[in-house]
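Structural overview for review
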2 protein chains.
Amino acid sequence: MGNTLGGVGVLDKAVVVLDVLEVSPQSLSELVTATGLPRATAHRLATALEAHGLVRRDDEGRFTLGTRLVALGRAATEAFPLAGAAQKALRELRDSTEESVQLFVPEADSRVCIAALQSPHGLRTIVPLGASLPLLGLGSGARVLNGQIGAQGWTESVGEREAGVASVSAPVFDAGLIVAAVSVSGPIERTTKHPGRRYGEAVVAAAQRIQRDAGLRPELP
Amino acid sequence: MGNTLGGVGVLDKAVVVLDVLEVSPQSLSELVTATGLPRATAHRLATALEAHGLVRRDDEGRFTLGTRLVALGRAATEAFPLAGAAQKALRELRDSTEESVQLFVPEADSRVCIAALQSPHGLRTIVPLGASLPLLGLGSGARVLNGQIGAQGWTESVGEREAGVASVSAPVFDAGLIVAAVSVSGPIERTTKHPGRRYGEAVVAAAQRIQRDAGLRPELP
DNA sequence: GACTATCGTCCCATTATGTGAGACACAAGC
DNA sequence: GCTTGTGTCTCACATAATGGGACGATAGTC
């Protein structure tokens, strides 16, 4: 119930509350209009979540995401063997390319950024940790996760997902399956219109290093 | 209901599931024994949470914390104006002391670590992000949040919260109220038995810088 | 191959559970 | 004064969560 259409359960409503609070702190009345829930219900849910530390009140008495979530979020990140194992390789890649780098994993019908480091330049691409992008969308990361990889092991996209930004991505394999995509992205001015020429090799190397560091098997047994 | 004793609602059970999964991935049966919930209930809850991305399955089919939580966790961290504003000051403090540093905020009857950086040394104190410690407990951080501050503006504790570790903490004020505590902690061997002498000044300076960077008013209007 | 154990998943009658309109107290503004 | 806006709480009602048990797979043992 609630996951399909029709009946909506407590849990679904509670998640809506969290979703709304993720955007910004909300007073009760704001919460009511934002969620569409009746005042009494919104209040009960928010205070119930508050009792669990998932929601707290800020200095102005508004509801915000609670401290419990920072602990859960950290644990969730660590639950990805990849996220941790990829850190060193990503840092190397970011430092050698001087552009923002990300690690994406497929999740249902989207791809989620589970690790990201930013370019040192003032003008840079930013993909927030945890950001969820459509899997069947644009960008070299999406292509890679859908199995569209060039002969050299990488895929590039120029001004595809967002105007002015280009990116190169390479797949991370486990037992012959693509489990993640490493991406480098930045403004076309710096990456040129053929970012693959510049970064392709480095991205593929980083993906392979992640494979090794995470203890994955690149080929089928 | 459920927050007191007696009736336990869906939300409470869902949180229990998350709590259990925070420790480690669990198969359904493990989840059942860990939570004490009936199999059908545990399954329904876990799959409901899965539908919202708060829970996912790992490669072995077990339940783990989901990707949605990494986004929520990040948002929760950002919802603390302090956590972000404190980063620079904490990094400076960590680099100058070469010991682990933390920022604690009071929350109900506990104190929560909302920012932490670790010592470069092999032997070091680790307080995980989001960790929740009793507010009326031991340690210089607890003391500071309870208003027990020495004349120099800091408080030290030696082998108090945990054997072998000493710490120094200083308060962050807003409008005359203590809103957070900055701590430096490390093994007694390095910090000496009078860590305040060594780090007191630096910790107080960091706390004041955080106050400034976060745009807080140290005194009453 | 048959037997048993344990797994994840799903059904459905039962009732405990969450529901939400409305009452309430408090504060600010006209 | 009155009005409008908060946040909070209650309570009769019925909806939504419950959990014992059934089911099909898979794995191991004899």
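What counts and how
- Residue numbers here run from 1 along each chain, matching the order of that chain's written sequence.
- Chains carry letters from A onward and ligands carry numbers from 1 onward, assigned in written order.
- Only residues with pLDDT of 70 or above have their local features reported here, since the model is predicted, and side-chain atom pairs are shown and tallied only from 80 upward, although totals for entire chains, interfaces and linings are computed over all residues.
- Hydrogens are left out, water is left out, and the side-chain values use all remaining heavy atoms of the structure.
- We call two strands paired when DSSP finds no fewer than two bridges between them.
- The helix and strand labels rest on DSSP assignments: H or I over at least four residues marks a helix, E over at least two residues marks a strand, and numbering proceeds from the N terminus.
- Here, axes are lines fitted to C-alpha atoms. For helices the fit covers the stretch in contact, and angles between N-to-C directions go from 0 to 180 degrees.
- In this description, contact between two residues means that some pair of their heavy atoms is separated by no more than 4.5 Å.
- Here the quantity called buried area is the accessible surface, traced with a 1.4 Å probe, that two parts lose on coming together, added over both.
- Salt bridge, as used here, is a side-chain nitrogen of Lys or Arg placed within 4 Å of a carboxyl oxygen of Asp or Glu.
- Only the six-membered ring of Trp is used, alongside the rings of Phe and Tyr, when aromatic pairs are assigned; centres must lie within 6.5 Å, and planes under 30 degrees apart are stacked while those over 60 apart are edge-to-face, with the rest tilted.
- The criterion for a charge sitting over a ring is simple: Lys NZ or Arg CZ within 6 Å of the ring centre, and within 35 degrees of the ring normal.
- Only a single heavy atom is needed: when it lies within 4 Å of a molecule or strand, its residue is near that molecule or strand.
- Any pair of N or O atoms that falls within 3.5 Å is considered a polar contact. Within protein, one atom must be able to donate a hydrogen and the other to accept it, and sequence-neighbouring residues count only if both atoms are side-chain atoms.
- Note that Gly is not counted as nonpolar here; it falls among the polar residues with everything else outside the nonpolar set of Ala, Val, Leu, Ile, Met, Phe, Trp, Tyr, Cys and Pro and the charged set of Asp, Glu, Lys and Arg.
- Burial status follows relative accessibility: with a 1.4 Å probe on protein chains alone, a residue under 20% of its type maximum counts as buried, one over 50% as exposed, and anything between as partly exposed.

Concerning the sheet that holds strand E3 (residues 100–107) of chain B
Residue and element names in this part refer to chain B. One open sheet holds the six strands; their spatial order is E5-E4-E3-E8-E7-E6, and the pairing between them is antiparallel. Both edges of this open sheet fall to strand E5 (132–134) and strand E6 (155–158), since each of them pairs with a single strand only. Going across the sheet, the axis of each strand differs from the next one's by a mean of 30°, ignoring polarity. Judged from the five bridges that link them, E3 and strand E8 (residues 177–187) form a sheet pairing that is antiparallel. Following the sheet pairing, Gln102 is matched in E8 by Ser183.

As for the interface of chain A and chain B
Taken together, the contact pairs 36 residues of chain A with 35 residues of chain B. Summing both sides of the interface, chain A and chain B together bury roughly 3,300 Å²; the carbon and sulfur share of this comes to 71%. Looking at the side of chain A facing chain B, the largest losses of area belong to Leu11, Thr67 and Val70 of chain A, adding up to 18% of the total buried there. Counting across the chain A and chain B interface gives four salt bridges. Across the salt bridge formed by Asp19 of chain B and Arg68 of chain A, the nearest N and O atoms sit 2.5 Å from each other. Elements that contribute at least two residues to the side of chain A that touches chain B include exactly helix H1 (10–23), helix H3 (39–51), strand E2 (63–65) and helix H4 (67–78) of chain A. The dominant element in the side of chain A that touches chain B, judged by the number of residues it contributes, is H4 of chain A, at 11 residues.

Comments concerning the packing of aromatic side chains
A ring pair, where both rings are aromatic, is described by two values, the distance of the centres and the angle of the planes. Within this structure, the stated rule accounts for zero aromatic pairs over all chains. Its guanidinium or amino end placed over the ring of Phe104 of chain A, Arg111 of chain A lies 4.5 Å from that ring's centre, counting from NZ or CZ.

So, the protein's contact with DNA strand D
The environment of DNA strand D is made up of 17 residues, and the closest members are Gly9, Ser29 and His43 of chain A together with Lys13 and Arg44 of chain B. Within 4 Å of the protein, the atoms of DNA strand D are drawn from sugar and phosphate moieties in a proportion of 74%. Thr41 of chain B is positioned with one of its side-chain polar atoms (N or O) 2.9 Å from a phosphate oxygen of DNA strand D. The contact in question runs from a phosphate oxygen of DNA strand D to an N or O atom on the side chain of Arg44 of chain B, over 2.5 Å. Secondary structure elements with two or more residues in the surface near DNA strand D: helix H2 (28–35) and H3 of chain A together with helix H1 (10–23) and helix H3 (39–51) of chain B. The element that contributes the greatest number of residues to the surface near DNA strand D is H3 of chain B, accounting for four residues. When its residues are assigned to classes, the surface near DNA strand D shows eight nonpolar, five polar and four charged.

Here's the deal with the pairing of strand E4 (residues 110–117) of chain B
Residue and element names in this part refer to chain B. With seven of its eight residues buried, E4 lies for the most part within the structure. Inspection of the sheet shows E3 paired to E4 by seven bridges, in the antiparallel sense. By the bridge assignment, Val101 is partnered in E4 with Leu117. Turn length for the E3-E4 hairpin, with the two strands adjacent in sequence and antiparallel, is two residues, and the turn residue Ala108 shows positive phi of about 55°. Bridge analysis of E4 against E5 gives three bridges, and the strand direction is antiparallel.

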